[in-house]
Each structure stands twice: as C-alpha cells, then as structure tokens.
Amino acid sequence: MSAPIRVLLVDDQALVRAGFRIILESEPGIVVVGEAVDGAAAIRQAAALQPDVICMDVQMPGMDGLTATRAIVADPTSRAAVLVLTTFDREDYLFAALQHGASGFLLKNASPESLVEAVQVLARGDALLSPEITRRVIARFAGTFSPSPLAAAPDAAPVHGAHRPEPAAVGMLTEREREVFELIALGLANAEIAGRLYLGEATVKTHVSKVLQKLDLRDRIQAVVYAYEHGIVVPGAPQQR
C-alpha cells in the first residue's frame, strides 16, 4: 500500500481547521499531521512535519499565508505543495498565490469532494489549474509582459526569441519537449496536447515531466508563468497550426 498523503492545515479559525480535518480524514489515504494558526507557525510546522500538501489560508493575523507560501516553497528541504484556500474570488489573491509558488487555488465554498480531489492532485505532483484560471493567468501575464493586450487565450502563440534572450535551460529541451512546453503555456491540458501533437496522453505526461525537470519548475502553473516571463509565448501573434 502507498503511504498516506500527509496534510498540514493552516487557518486562524479553529472551526475551519476542524471542518477541513473531518473532510480530509474521512477519505482513506489522507492524514492531517498538524495545524497552524498563522504563517509563521506554518513555516515551523512545515519544516518539522514535512507534509506532502499544505492547505493555506491567505488572510491571518501576523504573517499572512502568501508570505508563508513563498518561504516554504523556497526551502530546499520542503517537499510540500501549497494549496491556497480563500473565501474571496479575488484576482490579486490568485496571482499573488501563483507568483509566490502555490500549486493550487481553491475557494472555501468549494465542495468537500473538490477539497479532497485538490489535495490528491497536488500530492501526485500535479498542479490544480482549472481552464478558467488558466485563461486568467495567461491574460494577466500577457498584459504584464507584452505591449499588446491579450484578448483571448487562443490568440496567443509561441514566438521564438521574442523580446528577450531565452534562458539556457530552454535550449536543453528537445524539439518535442519544446512543442509541449509551448502548448502548456497556452493553457492546454495533457489530453488537448496529445490531440494537437498526435501523441498518447502517457507520452505527453512524460514530456511534461521532463520539461518541468529541465527547467527546474514545480508544476505547469510555474511553466505558464516562466513562458511569459521569458518571452517563450507572446500574445497577439497568429497561432501556429
């Protein structure tokens, strides 16, 4: 049997933590190993308990959840993926969470099943990035890193060497890995990439893993951010077919 998923709960409200604990521990294969009431305590608990997934609130007294997320993700000894949970569907929270290294973003009014699924997804090493959030991420970074606004995600296209020199790590990608990387940056899921490149989903998943490893990225959320920051994908250009 595989080891259980170890979860750390971080929220200043005891009732919220208790509710999350009941939901998660009702699922076989998930165990809550600790709780923290603020960001500073979360950093200490993450180091001491080495959880697989941290459910992180944003607004807390003292150190907030985003600051704690950045510190935990930057710790080379930490293996935890951070799932940011918030009451408010605010874009500033979403993008700050992703830029601070969170691997997922979920509203607290989501269903219990969604919370369990999110923890399981992050524990597998994947990112929780719905198509809607993908489009919002792409639109935000397109507006930040390109002089022309992004009207819609499908209008973006890979443009080699645009705006700024490519990092040396990108040159380590094979031609196929480069294609997969560019399609990740356009917000395509593995099944969509498989259809676009006429590959099996298992093959695409292998390519995705190699891309993340070579570029030293945690997940495909960071891949989207990385692609826009380094000009791998430039919005407004005709999409290549």
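Residues numbered from 1 in each chain as written. Predicted model: local features only at pLDDT ≥ 70, side-chain atom pairs only at ≥ 80, totals over all residues. Heavy atoms only, no water.

Some points on the side chain of Glu-182
Applicable threshold: For the purposes of this entry, the term helix denotes a DSSP run of H or I that reaches at least four residues, the term strand denotes a run of E that reaches at least two, and both are numbered from the N terminus. Burial status follows relative accessibility: with a 1.4 Å probe on protein chains alone, a residue under 20% of its type maximum counts as buried, one over 50% as exposed, and anything between as partly exposed. The term polar contact refers here to a pair of N or O atoms within 3.5 Å; inside protein, the definition further demands a hydrogen-donor-capable atom paired with an acceptor-capable atom, and it admits residues adjacent in sequence only when both atoms are side-chain atoms.
Considering the arrangement of structural elements, one finds Glu-182 in helix H7 (residues 175–185). Judged by its relative accessible area of 7%, Glu-182 falls in the buried class. Side chain to side chain, Glu-182 and Arg-178 meet in a polar contact 2.8 Å long.

A few points about the packing of helix H8 (residues 190–197) against helix H9 (residues 201–214)
Heads up, the condition is: Angles shown run from 0 to 180 degrees and are taken between the N-to-C directions of axes, each axis being a line fitted to C-alpha atoms and, for helices, limited to the stretch in contact. If an angle is under 35 degrees, it is roughly parallel; if it is over 145, roughly antiparallel; if it lies from 65 to 115, roughly perpendicular; otherwise it is oblique. Any two residues whose heavy atoms approach within 4.5 Å are treated as being in contact. Gly is put with the polar residues, along with every residue not named as nonpolar or charged; the nonpolar set is Ala, Val, Leu, Ile, Met, Phe, Trp, Tyr, Cys and Pro, and the charged set is Asp, Glu, Lys and Arg.
Contact geometry of H8 with H9 gives a least axis separation of 9 Å together with a crossing angle of 110°. Of the possible angle classes, the one that applies to H8 and H9 is roughly perpendicular. Across the interface between the two elements, Asn-190, Ala-191, Ile-193 and Ala-194 of H8 pack against Glu-201, Val-204, Lys-205 and Val-208 of H9. Broken down by class, the residue content of the contact of H8 with H9 amounts to five nonpolar, one polar and two charged.

What to know about helix H4 (residues 91–99)
Along H4, the positions that sit buried rather than exposed are Tyr-93, Leu-94, Phe-95, Ala-96, Ala-97 and Leu-98. Note on H4: the residue one or two positions beyond its end, Gly-101, has a positive phi of about 105°.

Re the UniProt feature "modified residue: 4-aspartylphosphate" (unreviewed entry) in the protein chain
Going by this rule: UniProt positions are given in the numbering used here, feature names are shortened, and annotations may be inferred rather than shown by experiment.
According to UniProt, the "modified residue: 4-aspartylphosphate" (unreviewed entry) feature falls on Asp-57. Its location among the elements puts Asp-57 in strand E3 (residues 53–57). Residues within four places of Asp-57 in sequence aside, it is in contact with Val-10, Asp-11, Asp-12, Gly-65, Leu-85 and Lys-108.

Quick notes on unusual backbone geometry
Even without a glycine there, the phi angle at Tyr-198 is positive, about 60°. Examined against the element boundaries, Tyr-198 turns out to sit in the loop between H8 and H9. Judged by relative accessible area, which is 76%, Tyr-198 ranks as exposed. With a phi close to 60°, Asp-216 is a non-glycine residue in the positive phi region. Among the secondary structure elements, Asp-216 is positioned in the loop between H9 and helix H10 (220–229). With relative accessibility at 69%, the residue Asp-216 sits in the exposed group.

What to know about the packing of helix H2 (residues 39–49) against helix H3 (residues 65–74)
Worth spelling out the cut-off: By the definition used in this description, the sense in which the near helix is turned from the far one sets the handedness, with an anticlockwise turn below a right angle giving left-handed and a clockwise turn giving right-handed.
Packing of H2 against H3 brings their axes to within 8 Å, and their N-to-C directions diverge by 20°. One element, H2, and the other, H3, form an angle in the roughly parallel class. As for the relative orientation of H2 and H3, their crossing is right-handed in sense. For the pair H2 and H3, contact is made by Gly-39, Ala-42, Ile-43 and Ala-46 and by Ala-68, Ala-71 and Ile-72, respectively. For the contact of H2 with H3, the per-class residue count stands at six nonpolar, one polar and no charged.

As for H7
When you tally the buried positions in H7, you get eight out of eleven residues, the bulk of the element. Those residues of H7 lying buried are Glu-177, Arg-178, Val-180, Phe-181, Glu-182, Leu-183, Ile-184 and Ala-185. Taken from the residues just after H7, Gly-187 is the one with a positive phi, measuring 90°.

Some words on the nonpolar core
Just so we agree on the cut-off: Definition used in this section: a nonpolar core is a set of buried Ala, Val, Leu, Ile, Met, Phe, Trp, Tyr and Cys residues joined via side-chain atoms within 4.5 Å.
By size, the foremost hydrophobic cluster in this structure holds 27 residues, and its most contacted members are Val-10, Ile-54, Met-56 and Val-84. Broken down by secondary-structure element, the contributors of at least two residues to this core are strand E1 (5–10), H2, E3, H3, strand E4 (81–86) and H4. With six residues, H4 is the largest single contributor of residues to this core. Those residues within four positions of Val-10 in sequence are excluded, and the remaining contacts are Ala-36, Asp-38, Ala-42, Ile-54, Cys-55, Met-56, Asp-57 and Met-60.

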